[in-house]
Amino acid sequence: LTMNLSRRLNPILLRRFSAAATATATAPTSTLFASRGIPSKISPSRLSRPRSLHPPSRPFSSGSSAASSLVPPLLFAVAGCASLYLANNFDSFTGIGTLPEVSDSGLSAPQAKITDVVWMDVSVKGAGGPTARIELGLYGGECPRTVANFVALAGEGVEVDVPNEGKRRKGFKGTPFHRVIPGFMMQGGDITQGNGFGGYSLYGDKFPDESFKFYHHGGGVLSMANSGRNTNSSQFFITYATTSHLDKKHVVFGVVLDEGSWEACKLIEMLGSRGGGTK
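Right, let's walk through the structure included here. Quantities reported herein were computed from a predicted structural model and do not represent experimental measurements.

**Details of the side chain of Asn232**
Item 1. Tracing the backbone shows Asn232 in the loop between strand 8 (221–224) and strand 9 (236–239).
Item 2. From its side chain, Asn232 meets the backbone oxygen of Pro208 in a polar contact 3.4 Å long.
Item 3. Not counting residues up to four positions away in its chain, the partners in contact with Asn232 are Asp205, Lys206, Phe207, Pro208, Asp209, Met224, Ala225 and Asn226.

**Section: the environment of Ile268**
Item 1. Following the sequence through the fold, Ile268 ends up in helix 4 (residues 259–269).
Item 2. Classification of Ile268 as buried rests on a relative accessible area of 0%.

**Concerning the packing of aromatic side chains**
Each aromatic ring pair is described using two quantities: the centre-to-centre distance and the angle formed by the ring planes.
Item 1. Applying the stated criterion across every chain yields a total of eight aromatic pairs.
Item 2. With a centroid separation of 5.9 Å and an interplanar angle of 85°, the aromatic rings of Phe177 and Phe236 are classed as edge-to-face. Pair noted here: Phe177 is in the loop between strand 5 (166–170) and strand 6 (179–181) and Phe236 is in strand 9, with a separation of 59 residues, a long-range link.
Item 3. Taking the relative accessible area as the measure of exposure, Phe177 reaches 1% and is therefore buried.
Item 4. Here Phe236 falls in the buried class, since its relative accessible area comes to 1%.
Item 5. Grouping aromatic residues by their ring pairs yields a cluster made of Phe150, Phe172, Phe177, Phe236 and Phe253.
Item 6. The lysine or arginine in question, Arg133, covers the ring of Trp119, its NZ or CZ lying 3.9 Å from the ring centre.

**Some details on the side chain of Gln111**
Item 1. Structurally, the position occupied by Gln111 is in the loop between strand 1 (76–84) and strand 2 (116–124).
Item 2. For Gln111, the side chain forms a polar contact with the main-chain oxygen of Tyr215, separated by 2.8 Å.

**With respect to the environment of Leu99**
Item 1. Structurally, the position occupied by Leu99 is in the loop between strand 1 and strand 2.
Item 2. Leu99 sits in the exposed class, given a relative accessible area of 52%.

**Some words on unusual backbone geometry**
Item 1. The backbone of Asn230 sits at a positive phi, close to 60°, despite the residue not being glycine.
Item 2. Among the structural elements, Asn230 can be located in the loop between strand 8 and strand 9.
Item 3. One non-glycine residue with positive phi stands out, namely Lys248, at about 65°.
Item 4. Tracing the backbone shows Lys248 in the loop between strand 9 and strand 10 (252–256).

Rules and cut-offs
Starting from 1, residues in each chain are numbered consecutively following that chain's sequence as written. The model is predicted, so local features are restricted to residues of pLDDT at least 70 and side-chain atom pairs to those at 80 or more, both for listing and for counting; the totals for chains, interfaces and linings are taken over all residues. Calculated side-chain values reflect all of the structure's heavy atoms, with hydrogen atoms and water omitted. Secondary structure follows DSSP: runs of H or I at least 4 residues long count as helices, runs of E at least 2 residues long count as strands, and numbering of each begins at the N terminus. Throughout this description, a polar contact denotes any pair of N or O atoms lying within 3.5 Å of each other; where both atoms belong to protein, one of them has to be capable of donating a hydrogen while the other can accept it, and for residues adjacent in sequence the pair is counted only when both atoms sit in side chains. The contact definition used throughout considers only heavy atoms, calling two residues in contact when any of these lie within 4.5 Å. Exposure is judged per residue with a 1.4 Å probe applied to protein chains only, and the accessible area is read against the type maximum: over 50% gives exposed, under 20% gives buried, and values in between give partly exposed. Only centres within 6.5 Å qualify two rings of Phe, Tyr or Trp (six-membered ring in Trp) as a pair; their planes then separate them into stacked at under 30 degrees, edge-to-face at over 60, and tilted for everything else. The criterion for a charge sitting over a ring is simple: Lys NZ or Arg CZ within 6 Å of the ring centre, and within 35 degrees of the ring normal.

So yeah, pure geometry; function would need other evidence.
In structure tokens, the structure reads:
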């Protein structure tokens, strides 16, 4: 894929994304595009923290039993990504240790200086080429190891021992957002199994939590998925709303950068479900 620094999601791409997703989805879910946000047939209050799937102490975990509720096909896959070093263009942030401002659309402001930018072209399975782009700003000054891991996975990938195949280089390219819960979060980054049970990092199987300085406040917050303390690998999630119960349990290390990227995330949200499977 050709990298274009100036590209932003525009209304034409949004309409194309909506049409492609509607064509791919089954008939009962095509009505989800009638309005933006959480599907009307599901109560938002039930989605914010479904206790049977996501207890507050560990709302979702890479490798948890909750992943067994996922139902294929997976509709969203990272079609291409790369690291862009545009730190000088993003000097504005709310301040470390303070709650970020949230826009009218629900997007959180950066909580620290942006040191790296990673983009992901996301497509609906079976709908053709890249359909929408998500740009993520990373806090490399405050979470250098976590950001280095994410940048490596977004670029050339990391070496992974594959049974019967030896070492192979794997990254985010071609992996699905395997779990999308409206009103809560979208989760991806399982580079080994693609279903929430796998993952691998630049540092090996797991690496420690780096910082709990930042908050899961507002939508668009980029954070590491885990299965307990110090179990980070390649899986990550992007919030759709404030999820304060995740603070000091998951490492926040970035944010969705702009409204166009946030709109792409919201479109993905429409094809999620309470159980996390994509429709």
